Amino acid sequence: MIARFTGVRVDAAPAGRRIDVAAILRNESGESWKPEAGFYFSYQIFDPSSGTLLEDGRRTPLDCDVAPGGTASLRLSVPLPAQPGAYRIYVSPLQEHKAWFYQSGSPFLLIDARVENGAVRLCRKKIATLSRIRWETFLRSLWRAVVYPLLTLGRHGSLIRSMVRRDIAGRYRGSYAGLFWTVIHPLLMMVTYYFVFGIVLRTRFAGDDRPSSFVVYFLAGMLPWLAFSEAVGRSPSVILEHRTFVKKLVFPVEILPVNLAMAGLVSEAFGAVIFAAGMWYFGRPFHWTMLYLPVLIVPQLLFTLGLCWFLAALGVFFRDVAQIMGFLLTLWFFVTPICYPEASLPARWMWLFAQNPLYILVRSYRMIFLEAAAPNWRALGKLAVLSLAVFFAGHAWFYKLRRSFADLL
Amino acid sequence: MPGFTSCGGLLPTCCEKRAGEAAARDSPQKHLGCVKMAAERRNHPDVIAVHNVSKLYRLYDRPADRIVEALSWNRRRRHKDFWALRDISFAVERGETLGIVGPNGCGKSTLLQIICGVLEPTAGRVVKQGRVAALLELGAGFNPEFTGRENVYLNGEILGLPRAEIERVLPEIERFADIGEFIDRPVKTYSSGMYVRLAFSTAINVSPDILVVDEALAVGDAVFANRCVRKFEEIKKRGVTVVFVSHDLGLVKLISDRAIFLLNGRIEAEGGPGHVINRYIGVVLERQKAFDLAERPPSLLPATHRHGDRMAEVIAVELFGREGRPALVLETGEPVTVRVTSRFYADQPDPMVGIMIRTRIGMDVFGTNTKLEKLSLGPCRAGDTLEVDFHFNCWLAPQEYTLTVATQHPDGSSHDWLDGVLAFSVVAERYTAGVANLHARAVARRFSEQPCR
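This one's a predicted model, so the numbers in the text were calculated from it and none came from an experiment.

(A) Representation of the overall build of chain B. When helices and strands are tallied, chain B shows 11 helices and 18 strands. Looking at the 453 residues of chain B, the share that counts as buried comes to 41%. Considering only contacts within chain B whose residues lie at least 6 apart along the sequence, 72% involve residues at least 24 apart.

In structure tokens form, the structure reads like this:
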């Protein structure tokens, strides 16, 4: 089913909302087009932004049989709907109850038009094939994948801020200690780990034999982990928890995972308070290299965000993800040298462990806070590239699956 | 179509005559069924344009099939199709109130969700202008742990209002919700009535351009419902477009300018609310009994809508005034007789005959039937003709009314139901507001500081 378009004329009728199309079509397929076999000329109107079908056009019958190699003249007019907006029109032959020619790869006439103030404005006409249009759509979606996450963050900044504030405040609402839990929680966890690793197992870091070394090294490694694990751990169920936001509110759902990542950062800030207190208590000096912190935070946040988007969307389809993530995060925690020194990892597998983004982060945190050194730029560069990829891919994934959330919850 | 057939010429008189609060409540918006008004409103742009919207639900056997299909390019089918909506098109103009009615499962809520943008249509699109506030579910987005005030802030922000703006409208929200000190208590302690008040009050006071309401007013008490109706009138004047779903047909008649009746995902009727609701009642409540209607010519009574199984048929409706003169204009308080004559085509052990008086906007004013009046009509045979008189004093306020009559089975389903079979007007020497004349007597006493002599 191949038709070649020549001599195309497209005119917008100035008064009415109508587009007149005329063209010569050559039959380049092996079979002849017979009117009695259900061959017609027609058109379809689509919404260009979402690609949904708006109208199926009236069929224009063929005058006579068109043998292979023969030509037929196409003449039809497309009445456009009264509703203002952009419309995309496909003009193509079809065989009724079988297929449109354009669907099987034949070239067709594509017209982009707008209806404004009750009049038609032609924007573009071209002979296209479906694969070309798909490629165009793909390129545009690549562009969208880069721009949309930034738009999300920019446009909903204030909503994200207030939702994060509420999330933090609401987490311990109704409990007696209230907001203090945000500090008490990591503190108690730290005490537990200190007992197991610092006292029972006598873990020591970097040839530093003081018992305080465990505390500060552990806390420095814990900072990025707190932010990361909290956000990622909650992300598979975040959409399910906010199902009314998805189904019953006009709400930008894509910010829910963002809220998690931001709330994680706030937890990290509380952790940093404990860390600073520990440093001060043990008489450790504060180095100027800690000013490198923002350089670490940005890739850490992008990586967390991308992963949150990915898992949040996945969690809607597979409720099991939330269960698996608990286990995966525990594993990830122990694979990352947070409560033991990096040197304890088997040297033979070091190349593998060093690919762990959290490893790079933990190492860099310790370097800038405890070892008065600049972070390892090579490793950090690798992390930055990975984070950006995860960030954009995560958003694209979320964006593509988001449409079906409401149908699923 | 009570009240929507002949109001063109009567519109100015009824508007001029009203004064004070009555005028505010019965403002011309209620008579939008008129051709004249409709023509004027055509100039306004459409705020919501729903264009060929269809919604297909894909029923999957396993959730995993869905993700496989969503991510694959070739779209292999792994589902069964269910069309919740099919080719829905309509437009709503600025300041217009559209009511959507229909039986459960006809696609009303799906349509609202698509209008809000919460659901994506399978085909077609919805073009909206302006900010949408949606009340699709009672207090959706409320966090039960937070206080009412905090939730108002969050809801406002979700609707895209800056914080300063919310602070400005907060007193109005509190005043309208009228939940007193509960505004500072966690929402989880609220009764469902308080919940809906706060949610409704928030949505309506954040100055949306489009308000979408799904069955949200069903929970409030009568006082609050009344306040909501007035608020609807008020925001309509501000140019807010309202789309709402309700099973309360009286409410739909009262506040909507236009209505849509959805049935099985398609628009079954569209137009003036009175007309649409009569169609709805006819379609839904009509009993489909195997009874051959084809042999009999339908009687020629001019009903705006007629339904029933026609086991009996109303063949005449007459209205008599004082001294038995046939009348279509009555004086307030005049003794009146409504005579309903019906013929039976099947044996009926215990039929009943009823009448209903409605205002032009379709509000039920007074209705009764032989059963309520404790009059047994006894068994009627096929071929019998039955004449029933209802006598009453017409203590109605001066206005236009329509009369609806019916003969019914004892369970209330209809043999023959005729909406608006005749229209009559009530006149009076003095103007009174409302629909009933309760012949009040005004007495005053004055108290002053100085002793009276």
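(B) Geometry of the interface of chain A and chain B. With 30 residues of chain A at the interface, the matching set in chain B holds 30 residues. Partitioning the side of chain A that touches chain B into residue classes produces 13 nonpolar, 9 polar and 8 charged.

(C) Structural detail: helix α6 (residues 148-158) of chain B. Across the 11 residues of α6 of chain B, 10 count as buried, placing the element largely inside the fold. Those residues of α6 of chain B hidden inside the fold are in contact with α2 (157-171) of chain A together with α7 (163-177) and α8 (192-205) of chain B. G160 of chain B lies just past α6 of chain B and shows a positive phi near 90 degrees.

(D) The arrangement of the nonpolar core in detail. Counting residues in hydrophobic clusters, the biggest one holds 139 residues, and the most contacted among them are C308 of chain A together with V212 and V243 of chain B. Not counting residues within four places of it along the chain, the set of residues in contact with V212 of chain B comprises L112, I115, C116, V132, A134, L135 and V243 of chain B. With 33 residues, the next largest nonpolar core counts L62, Y90, W100 and Y102 of chain A among its residues.

(E) Geometry of helix α3 (residues 181-200) of chain A. All names here are of chain A. Here α3 is 20 residues long and its end C-alpha atoms lie 27 Å apart, about the 28 Å a rise of 1.5 Å per residue gives. Of all the bends in α3, the greatest, near 35 degrees, is centred on Y194. Those residues of α3 not exposed but buried are T182, P186 and G198. Buried residues belonging to α3 abut α2, α4 (212-241) and α6 (255-281). Positive backbone phi, approximately 50 degrees, marks R202, located one or two places after α3.

(F) Local environment of the sheet that holds strand β16 (residues 385-393) of chain B. All names here are of chain B. A sheet is described by the order of its strands in space; here 3 strands give the open sequence β11-β13-β16, paired in antiparallel fashion. For this open sheet the edge positions go to β11 (312-320) and β16, each flanked by a neighbour on one side alone. For this sheet, the mean inter-axis angle between neighbouring strands, taken without regard to orientation, is 15 degrees. Sheet analysis places β11 next to strand β13 (residues 335-344), joined by 8 bridges and oriented antiparallel. By the bridge assignment, F320 is partnered in β13 with T337.

(G) Spotlight on the sheet that holds strand β1 (residues 46-60) of chain B. Residues and elements named next belong to chain B. Taken together, 3 strands build an open sheet; the order of strands is β2-β1-β4 and the sheet is antiparallel. In the strand order of this sheet, the two ends are held by β2 (79-93) and β4 (123-128), each with one partner. With strand direction ignored, the average angle separating the axes of adjacent strands in the sheet is 20 degrees. Alignment of β1 against β2, held across 11 bridges, turns out to be antiparallel. Bridged to R58 within β2 is D81. Helix α5 (residues 108-116) rests against β1, β2 and β4 of the sheet, and its axis sits at about 120 degrees to β1.

(H) Spotlight on the packing of α7 of chain B against α8 of chain B. All names here are of chain B. Their axes nearest at 9 Å, the elements α7 and α8 cross at an angle of 140 degrees. Classified by the angle between their axes, α7 and α8 sit oblique to one another. Of the two possible hands of crossing, α7 and α8 adopt the one that is right-handed. For the pair formed by α7 and α8, the contact residues are V169, E172, I173, F176 and A177 on the first element and R197, L198, S201, T202 and N205 on the second. Taken together, the residues that form the contact of α7 with α8 break down as 5 nonpolar, 3 polar and 2 charged.

(I) Quick look at the environment of A23 of chain A. All names here are of chain A. The topology assignment puts A23 in strand β2 (residues 18-27). Measuring from C-alpha to C-alpha, the distance between A23 and R4 comes to 9.8 Å, with 19 residues separating the pair along the chain. In this structure, A23 is in contact with F5, T6, G7, V8, L74 and L109, ignoring residues within four places of it in sequence.

(J) Region of interest: unusual backbone geometry. Residue and element names in this part refer to chain B. Phi is positive for N52, close to 50 degrees, though the residue is something other than glycine. Looking at the secondary structure, you find N52 in strand β1. Classification of N52 by C-beta neighbours within 10 Å gives buried; the count is 21. One non-glycine residue, N264, lies in the positive phi region at around 50 degrees.

(K) Structural context of the packing of α4 of chain A against helix α8 (residues 320-335) of chain A. Residues and elements named next belong to chain A. Contact geometry for α4 and α8: axes closest at 8 Å, N-to-C directions at 165 degrees. One element, α4, and the other, α8, form an angle in the roughly antiparallel class. The chirality of how α4 crosses α8 is right-handed. Taken together, the residues of α8 that come into contact with α4 (itself represented by W225, S229, V232, G233, P236 and S237) are V321, A322, M325, G326, L329 and F333. Of the residues in the contact of α4 with α8, the class split is 8 nonpolar, 4 polar and no charged.

(L) Structural view of the confidence of the model for chain A. Per-residue confidence for chain A averages 85 on the pLDDT scale, and 98% of its residues sit at or above 70. Mean pLDDT per element in chain A: helix α12 (residues 405-408) of chain A is the minimum at 80, and helix α7 (residues 293-317) of chain A is the maximum at 92.

(M) Structural view of the pairing of β1 of chain B. The sheet contact formed by β1 of chain B and β4 of chain B spans 5 bridges and is antiparallel. Within the sheet, the bridge partner assigned to I48 of chain B lies in β4 of chain B and is K128 of chain B.

(N) Structural context of the confidence of the model for chain B. All names here are of chain B. Looking at chain B as a whole, its pLDDT mean stands at 77, while 82% of the residues score no less than 70. Across residues 287-297, confidence stays below pLDDT 50; counting only partners more than four residues off in sequence or on other chains, it has 7 contacts. Model confidence for the complex: the whole-complex pTM is 0.70, and ipTM, which rates the interface, is 0.76.

(O) How the structure looks around the environment of S89 of chain B. Residue and element names in this part refer to chain B. Position of S89 relative to the elements: it lies in strand β2. We classify S89 as partly exposed; it has 15 C-beta atoms within 10 Å. In sequence terms S89 and S54 are 35 residues apart; their C-alpha atoms lie 9.4 Å from each other. Dropping the residues within four chain positions of it, S89 is found in contact with V50, H51 and N52.

Rules behind the numbers
Residues numbered from 1 in each chain as written. Chains lettered and ligands numbered in written order. Predicted model: local features only at pLDDT ≥ 70, side-chain atom pairs only at ≥ 80, totals over all residues. Helix = DSSP H or I, 4+ residues; strand = E, 2+ residues; numbered from the N terminus. Buried ≥ 20, exposed ≤ 12 C-beta atoms within 10 Å, placed from the backbone. Contact = placed C-beta atoms within 7 Å. Nonpolar A, V, L, I, M, F, W, Y, C, P; charged D, E, K, R; others polar. Core = buried A, V, L, I, M, F, W, Y, C linked by C-beta atoms within 7 Å. Expected span 1.5 Å × (residues − 1). Bend = angle between axes of the 7 residues up to and from the residue. Pairing = 2+ DSSP bridges. Axes fitted to C-alpha atoms, helices over the stretch in contact; angles between N-to-C directions. Parallel < 35°, antiparallel > 145°, perpendicular 65-115°, else oblique. Left-handed = near helix turned anticlockwise from the far one by under 90°. pLDDT = per-residue confidence, 0-100.

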